[in-house]
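Given next are the chains, with one letter for each unit.
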Amino acid sequence: MKTAVFFTGALRTIKKTMRYIKQNVLIHPDVHVYACLQNLSEETTDYWNDWLQSMLGVHSISIIWIDQKIISQWEPHREHLLDSMGIPAPIFYEEEKRYVTEEEVKHYLRTFGPMIEYVQLQHAYLAMCNYEQLLGFQYDQVIRTRTDTVIAKPMDFHWLNWSDADVERRMNMIQHKLVEEGMDSGSKNIFS
């Protein structure tokens, strides 16, 4: 099975999490990485390109960097989205025991990661589509991981071939385990 991995985010903890990507995601030759990353570090993009190539090896198909050009193209769209959002305000922010204004919510969305992540995802997706068209094939599965994600076990997609009976057995096992652990096994905790 051919697998595309969208690898997105800022580089913050990438040196700590990369070994998990290598051990548990890049486990077959048909796993290809489409990275769209943001370099907020002291190191140059050239340094990171070399480092990523050495870490990802033959799995690396595309590495795109969120630069000022991409950000300046994105900013008008971001502002349009922020202006169009129905943000209920004020919102009570439990951690700080205070109300947060609509402008504070928009400032958070504007300056921190949530919205730019989707731009990164879009760039990785377009790179994948271009590669599929160039070579005339389609990936069987696509996953997304961030630079700060730890995937502790090997990625396994065997469940994609499960029958309805296999899924039902698994759901019954989960429900039994919840009951065994004294947890609510009602419909909100079990997939229907």
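A. Representation of the overall build of the protein chain within the structure. Assigned secondary structure in the protein chain consists of six helices and six strands. Along the protein chain, helices and strands appear, N-terminal first, in the series β-α-β-α-β-α-β-β-α-α-β-α. A compact globule built from 192 residues would reach a C-alpha radius of gyration of about 16 Å, whereas the protein chain, at 21 Å, exceeds it by more than 25%. Dimensions of the protein chain, computed from C-alpha atoms along their principal axes, come out at roughly 50 × 50 × 30 Å.

B. The arrangement of helix 2 (residues 45–56) in detail. If you check helix 2, its first and last C-alpha atoms are 16 Å apart, about what 12 residues at 1.5 Å a residue would give, namely 16 Å. By the burial criterion, the buried members of helix 2 are Trp48, Trp51, Leu52 and Leu56. Mapping the buried residues of helix 2 onto a view down its axis gives an arc of 115 degrees, with all of them on the same face. Of the residues in helix 2, the exposed ones pointing more than 90 degrees away from the buried face are Asp46 and Asp50. On its buried face, helix 2 sits against strand 1 (3–10), helix 1 (14–24), strand 2 (31–38) and strand 3 (60–65). Residue Gly57 follows helix 2 closely and has a positive phi angle near 55 degrees.

C. Local environment of the state of the cysteines. If you walk through the whole model with that rule in mind, you get zero disulfides. Free of any disulfide, Cys36 has its nearest cysteine sulfur in Cys129, 14 Å distant.

D. Expanded view of the nonpolar core. Ranked by internal contacts, the top residues of the largest apolar core, which has 22 residues, are Tyr34, Ile66, Leu109, Val119, Met128 and Tyr139. Elements with a minimum of two residues in this core: strand 1, strand 2, helix 3 (68–84), helix 4 (102–111) and helix 5 (114–135). Considering each element in turn, this core owes the most residues, seven residues, to helix 5. Val5, Val33, Ala35 and Leu37 belong to the second largest nonpolar core, which has 20 residues in total.

E. Highlighting the sheet that holds strand 6 (residues 141–146). Taken in spatial order, the four strands line up as 3-2-1-6 in an open sheet, and their pairing is parallel. Two strands in the sheet have a free side with no partner beyond their single neighbour: strand 3 and strand 6. Between one strand and the next, the sheet's axes are offset by a mean angle of 15 degrees, whatever the strand orientation. Pairing of strand 2 with strand 3, which is carried by five bridges, proceeds in the parallel orientation. Within strand 3, the position partnered with Tyr34 by the bridge is Ser62. Strands in contact with helix 2 are strand 1, strand 2 and strand 3; relative to strand 3, the strand with the most contacts, it is inclined by about 160 degrees.

The rules behind each value
- Residues numbered from 1 in each chain as written.
- Predicted model: local features only at pLDDT ≥ 70, side-chain atom pairs only at ≥ 80, totals over all residues.
- Heavy atoms only, no water.
- Helix = DSSP H or I, 4+ residues; strand = E, 2+ residues; numbered from the N terminus.
- Rg over C-alpha atoms; globule rule 2.2 N^0.38 Å.
- Expected span 1.5 Å × (residues − 1).
- Buried < 20%, exposed > 50% of the residue type's maximum accessible area, 1.4 Å probe, protein only.
- Arc of directions from axis to C-beta.
- Contact = heavy atoms within 4.5 Å.
- Disulfide = S-S within 2.5 Å.
- Core = buried A, V, L, I, M, F, W, Y, C linked by side-chain atoms within 4.5 Å.
- Pairing = 2+ DSSP bridges.
- Axes fitted to C-alpha atoms, helices over the stretch in contact; angles between N-to-C directions.

By themselves, these figures tell us nothing about what the structure is for.
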